[in-house]
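One-letter residues, chain by chain:
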Amino acid sequence: MLTLASKLKRDDGLKGSRTSATASDSTRRVSVRDRLLVKEVAELEANLPCTCKVHFPDPNKLHCFQLTVTPDEGYYQGGKFQFETEVPDAYNMVPPKVKCLTRIWHPNITETGEICLSLLREHSIDGTGWAPTRTLKDLLNFDDPLNIEAAEHHLRDKEDFRNKVEDYIKRYAR
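Residues numbered from 1 in each chain as written. Predicted model: local features only at pLDDT ≥ 70, side-chain atom pairs only at ≥ 80, totals over all residues. Heavy atoms only, no water.

Asks: Whenever I open this one, the pairing of strand 2 (residues 64-69) confuses me. Can you help?
Replies: When a strand is regular, its side chains alternate between the sheet's two faces. The pairing of strand 1 (residues 52-55) with strand 2 spans four bridges and is classified as antiparallel. Counted as the bridge partner of His-55 is Gln-66 from strand 2. By the bridge criterion, six bridges tie strand 2 to strand 3 (residues 81-86) in an arrangement that is antiparallel. Bridging from a neighbouring strand, Phe-65 pairs with Thr-85 of strand 3. (Pairing = 2+ DSSP bridges. Helix = DSSP H or I, 4+ residues; strand = E, 2+ residues; numbered from the N terminus.)

Structure follows, in structure tokens:
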């Protein structure tokens, strides 16, 4: 599956036999991000719960992928939610960009798909923001409120909140 991994192995094998006439350095260079992603994507795929699937629209671009989450319990059971992840060139010094592509009523996700996870912030006062020691696996933790209206709705009337979540699942997440 990891086409980029094959490329990395092939490039490493060519290092010793490289001549200046064969190809430019830019075609042989592999970024730090891509080297990290080969390892991290394999780890992510090996540790995904059965309710999650990762998809690479282009297997040569490990820095752009989609995650499909189909919860089997809780408020969001029965829904199918798509998340898009883009890992910037400066990774792992800066966090990946993650967006929810499925409209959802959730305290941590706006209706336009922005996600509030403290670890997606480059800097945070409490030290929970992004750090070079974090990996893609850390993105599977959603405990940070952003959609205030949804959070207040949940606190005010859990049954009505559940009804609204179910309505959103029927309309947007099937």
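From this point on, the discussion continues.
Asks: What exactly am I supposed to notice about the sheet that holds strand 2 here?
Replies: Each strand in a sheet pairs with another by means of backbone hydrogen bonds, the pair being arranged parallel or else antiparallel. On the basis of which strands lie adjacent, the open sheet formed by four strands has the order 1-2-3-4 and antiparallel pairing. Whereas interior strands pair on both sides, the edge strands pair on one side only; in this sheet they are strand 1 and strand 4 (97-100). With strand direction ignored, the average angle separating the axes of adjacent strands in the sheet is 20°. (Axes fitted to C-alpha atoms, helices over the stretch in contact; angles between N-to-C directions.)

Asks: Any chance you could explain helix 5 (residues 158-172) here in plain terms?
Replies: For an α-helix, 3.6 residues make a turn, and residues three or four places apart therefore share a direction. Between its terminal C-alpha atoms helix 5 stretches 21 Å, which fits the 21 Å expected from 15 residues at 1.5 Å a residue. Restricting attention to buried positions, one finds in helix 5 the residues Phe-161, Val-165, Tyr-168 and Ile-169. Angular distribution of buried residues about the axis of helix 5 spans 100°; they occupy a single face of the element. Exposed residues on helix 5 whose side chains face more than 90 degrees from its buried face are Lys-170 and Arg-171. Buried residues belonging to helix 5 abut strand 3 and helix 4 (148-156). (Expected span 1.5 Å × (residues − 1). Buried < 20%, exposed > 50% of the residue type's maximum accessible area, 1.4 Å probe, protein only. Arc of directions from axis to C-beta. Contact = heavy atoms within 4.5 Å.)

Asks: Would you mind showing me how to read a negative patch on the surface here?
Replies: Negative charge collects at one region of the surface, where Asp-157, Glu-159, Asp-160 and Glu-166 lie side by side. Summarising the element assignment, Asp-160 is placed in helix 5. For Asp-160, a relative accessible area of 38% gives the class partly exposed. (Patch = residues over 30% accessible without salt bridge, like charges linked within 9 Å, V, L, I, M, F, W, Y side chains within 5 Å. Areas by Shrake-Rupley, 256 points an atom, 1.4 Å probe, with all protein chains shown as cover. Salt bridge = Lys/Arg side-chain N within 4 Å of Asp/Glu carboxyl O. Lys, Arg positive; Asp, Glu negative; His and termini not counted. Charge placed at Lys NZ, Arg CZ, Asp CG, Glu CD.)

Asks: What am I meant to see in the UniProt feature "active site" (unreviewed entry) in the protein chain here?
Replies: In the numbering used here, UniProt assigns the "active site" (unreviewed entry) feature to Cys-116. Structurally, Cys-116 can be placed in the loop between strand 4 and helix 4. By relative accessible area, Cys-116 is classed as buried at 10%. (UniProt positions renumbered as here; feature names shortened; annotations may be inferred.)

Asks: What is the right way to look at the pattern of salt bridges in this model?
Replies: Two side chains carrying opposite charge are able to pair once their charged atoms lie near each other. For the structure shown, the criterion picks out four salt bridges. In this structure, the salt-bridge partner of Arg-171 is Asp-167, at a minimum N-O distance of 2.9 Å. With Arg-171 and Asp-167 both in helix 5 and four residues apart, the pair spans about one turn of that helix. What emerges from the salt-bridge pattern is a single network uniting Arg-33, Asp-34 and Asp-89.

Asks: What is the right way to read the packing of aromatic side chains from this model?
Replies: Two aromatic rings, taken as a pair, are described by how far apart their centres are and by the angle between their planes. As enumerated under the stated definition, the model contains six aromatic pairs in all. Relative to Phe-65, the ring of Phe-56 has its centre 5.5 Å away and its plane inclined at 45°; by these criteria the two rings are tilted. Across this residue pair, the class does not change: Phe-56 and Phe-65 are buried. The rings of Tyr-75, Tyr-76, Phe-81 and Phe-161 are connected pair by pair, giving a single aromatic cluster. The positively charged end of Lys-164 is found above the aromatic ring belonging to Trp-105, 3.8 Å away from the centroid. (Phe/Tyr/Trp six-rings, centres within 6.5 Å; stacked < 30°, edge-to-face > 60°. Lys NZ or Arg CZ within 6 Å of the ring centre and 35° of its normal.)

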